[in-house]
Amino acid sequence: AGLGKIYSLWSLSFSKKNLKKSIISFLAEPNYMVLGTIGKTGMPHLTVVWFAYHDGLLKISITKERIKYKNILRDPRLACLIYDQKNPYRYLQVRGRVIDIQEDPEYIFGDFLCERYNRDPDYRYDPVRKKEGRVTVSIKPEGRYSKGL
């Protein structure tokens, strides 16, 4: 009986109409995401990233030079854990896949995330950082499990 309940949580939709208000509020907070991709040897690769939730998708900004980018090009499946910085036992775990990757040469989404997370204008407008070859990655959640939300 317990496993059936957990399984049903994984199969729920990630659209706003199917999410509890507490989860929608949690996704609006600037919490960090631990992104897990599948490495070329099949081993997991974990990294902390900034994210935003929009129209049922999780979106991140990454550079093309990073291992996580190479991993998602090879295998779009991933998992992530979004946790409350003040209480790490309050979290949302998501499994899904990358459904879209868009170039971000003007760093529009990257600057949006910078504003969301650190609000440091020196970081946001650093011309050297803007030459990194950024992309915006859209993740479609296929399952979720939350604790404390």
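Refer to the structure printed above.
Residues numbered from 1 in each chain as written. Predicted model: local features only at pLDDT ≥ 70, side-chain atom pairs only at ≥ 80, totals over all residues. Heavy atoms only, no water.

(A) Expanded view of helix 2 (residues 21-28). Within the span of helix 2, buried status applies to I23, F26 and L27. In an axial view of helix 2, the angular spread of the buried residues amounts to 95°, which keeps them on one side of the axis. For helix 2, the exposed residues set more than 90 degrees away from the buried face come down to K21 and A28. In this structure, the buried side of helix 2 is in contact with strand 3 (52-54), strand 4 (57-63), strand 5 (77-83), strand 6 (91-103), helix 4 (108-117) and strand 7 (134-147). (Buried < 20%, exposed > 50% of the residue type's maximum accessible area, 1.4 Å probe, protein only. Helix = DSSP H or I, 4+ residues; strand = E, 2+ residues; numbered from the N terminus. Arc of directions from axis to C-beta. Contact = heavy atoms within 4.5 Å.)

(B) Layout of unusual backbone geometry. A positive phi angle is found at D55, which is not glycine, with a value near 50°. D55 sits in the exposed class, given a relative accessible area of 64%. Backbone geometry places Y107, a non-glycine residue, at a positive phi of 65°. Along the polypeptide, Y107 turns up in the loop between strand 6 and helix 4. The buried category is assigned to Y107, whose relative accessible area is 3%.

(C) Focus on the sheet that holds strand 7. Spatially, seven strands are ordered 2-1-5-6-7-4-3 in an open sheet, and the strand pairing comes out antiparallel. The two strands at the open ends of the sheet, each matched to only one other strand, are strand 2 (44-49) and strand 3. Across this sheet, the average inter-strand angle for adjacent strands is 35°, counted without regard to direction. Pairing of strand 4 with strand 7, which is carried by six bridges, proceeds in the antiparallel orientation. (Pairing = 2+ DSSP bridges. Axes fitted to C-alpha atoms, helices over the stretch in contact; angles between N-to-C directions.)

(D) View of the pattern of salt bridges. On inspection of all chains with the given rule, the structure shows five salt bridges. Across the pair R77 and D75 runs a salt bridge whose closest N-O atoms are separated by 2.7 Å. Its salt-bridge partner being R97, residue E142 comes within 2.6 Å of it at the nearest N-O pair. One end of the pair, E142, is in strand 7; the other, R97, is in strand 6, with 45 residues separating them in the sequence. By relative accessible area, E142 is classed as partly exposed at 41%. The class of R97 is partly exposed, set by a relative accessible area of 31%. Each of E29, D84 and R90 takes part in one network of salt bridges that share partners. (Salt bridge = Lys/Arg side-chain N within 4 Å of Asp/Glu carboxyl O.)

(E) Quick peek at the side chain of T47. Secondary-structure assignment places T47 in strand 2. Not counting residues within four places of it along the chain, the set of residues in contact with T47 comprises M33, V34, L35 and K68.

(F) Seen up close, the packing of aromatic side chains. For the structure on display, the rule yields three aromatic pairs. Relative to Y117, the ring of W50 has its centre 5.1 Å away and its plane inclined at 5°; by these criteria the two rings are stacked. In this pair, W50 sits in the loop between strand 2 and strand 3 while Y117 sits in helix 4, placing the two residues 67 residues apart along the sequence. A network of ring pairs unites the aromatic residues Y32, W50 and Y117 as a single cluster. (Phe/Tyr/Trp six-rings, centres within 6.5 Å; stacked < 30°, edge-to-face > 60°.)

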